[in-house]
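Here's the letter readout for the chains.
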Amino acid sequence: MTSTTATLTDPKQYVGKKHQDEALVIGWQHHTATTQTVTVEWPAHHAFYTPAPGAHSPLLLTESIRQALALVCHTSYDIPVGHRMGWEHIRFHANPAALRTTGAPVRADLRVTHSAVTRRRLGSARLTAHVIATVGNTYAGSAEIHYSAHPAAIYDRLRGRYADAALAFAQAPAPAEPVPAHRVGRSEARDVTLTPTDTPNHFGLRVDTSHPVLFDHPHDHIPGMVLLEAAGQAVLATATRPVTLTGFETDFHHYVEFDAPCTLTTAPAPPGLDRRPRTLVTAHQNNREVFTSLIATAQAAAR
């Protein structure tokens, strides 16, 4: 099939970002009924996703994938922009070499293929997407994502008393003391998403709703990107040597709310098929498991 190309003049209407400079999507190509390519542009230095000189965080690619799926489900699968999207499972791998900074903006292509789109009564849908990302001719990463999209009326019914984002957002307490920034690969305290506890390998989730990137606008629950960032920081904080995150497999079991503490625990896990070391991060809120993330790492490159 001949590809058609569209250029987005207002990316934020698709990708859920209030501030347009956080919208990474710059265009897309429709190949078949199930496959599209979304092009994103990464800045030379991102205020949050370039935590140290020389390399972007793998979560810059994850955020790119999140935005790409929002675009594709609205433009290729007739999911209305007003539907509320939520991730249920993501398996993700990144190539650290492709995330090295160059001193100039870099474009990445994300080839998105949906293997399942299940429509439900009253407009809800469940979708499964597979993404392969490249920078030029270099493999940058891949992902498999299971996610849902609900009309506002159904979503509000699911969320109950938390449905009003402004009210839920206002329930967040002032951010607690952060873990020392250097322990989690950060230079600024405000970018730390963990708070220390008295128990080894246990951390509190630190939420700063004034953060311009993590909380670009009010949310009714703590976004998945914040939870993934906190899980990654927990791994960095407990590592015995400098490491780089290379992948994660995460299941989101329940919404994580603003009005109750959330605790993250790390534990060693068996290596993956690629023999990379892995760590299991488990999060609990209100005495129930809310998400788990199995995170793979590689030894950090010398700078």
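Going by the structure above, here's the rest.
Counting starts from 1 at the beginning of each chain's written sequence and moves along it residue by residue. Residue-level local features of this predicted model are given only where pLDDT is at least 70; pairs of side-chain atoms are given and counted only at 80 or more, and the full residue set underlies all totals for whole chains, interfaces and linings. Side-chain measures here rest on the full set of heavy atoms in the structure, leaving out hydrogens and waters.

Novice: I tried to follow the layout of surface pockets on my own but got confused; where do I start?
Specialist: Once rolled over the atoms, a probe with the size of a water molecule shows which space is left empty. A pocket here means an open set of points on a 1 Å grid, computed over the protein atoms alone, that has protein on both sides within 12 Å along at least five of seven lines. A cavity is instead a set of points where a 1.4 Å probe fits but cannot get out; residues with an atom within 4 Å of a point line either one. Grid points are joined across faces, edges and corners, and a volume is the space filled by probe spheres set on the points. Counted as a void, the largest pocket has a volume near 1,200 Å³. As for the largest pocket, its lining consists of 47 residues, of which M85, G86, W87, H221 and G224 are closest to the centre. Taken together, the elements giving at least two residues each to the lining of the largest pocket come down to α1 (12-15), α2 (58-76), β4 (84-94), β6 (125-135), β7 (138-150), α3 (152-159) and α5 (224-238). When the residues that make up the lining of the largest pocket are grouped by side-chain class, the tally is 22 nonpolar, 14 polar and eleven charged. Each helix is a run of H or I in the DSSP string that is no shorter than four residues. Each strand is a run of E no shorter than two, and both are numbered from the N terminus. Amino acids outside the nonpolar list (Ala, Val, Leu, Ile, Met, Phe, Trp, Tyr, Cys, Pro) and the charged list (Asp, Glu, Lys, Arg) are all regarded as polar, and Gly is one of them.

Novice: Quick question: what am I supposed to make of the packing of aromatic side chains here?
Specialist: The description of an aromatic ring pair rests on the distance of the ring centres and on the angle between the ring planes. Stacked, tilted and edge-to-face are the three classes applied to pairs of Phe, Tyr and Trp rings, where Trp contributes its six-membered ring and a pair requires centres within 6.5 Å; stacked means planes under 30 degrees apart, edge-to-face means over 60, and tilted covers the rest. This structure, assessed with the given rule, holds seven aromatic pairs. Plain terms: the ring middles of F92 and F248 are 4.8 Å apart, the flat faces sit at 20° to each other, and that makes the pair stacked. Separated by 156 residues along the polypeptide, F92 in strand β4 and F248 in strand β10 (residues 243-252) bring together distant segments of the chain. Take F92 and F248: they sit in the same class, and that class is buried. Between F169 and F258, the ring centres sit 5.4 Å apart and the planes meet at 85°, which makes this aromatic pair edge-to-face. Of the two residues, F169 sits in helix α4 (residues 165-170) while F258 sits in the loop between β10 and β11 (262-269), which places them 89 residues apart along the sequence. Buried residues are those whose accessible area, probed at 1.4 Å on protein chains only, stays under 20% of the maximum for their type, while exposed residues exceed 50% and partly exposed ones sit between those limits.

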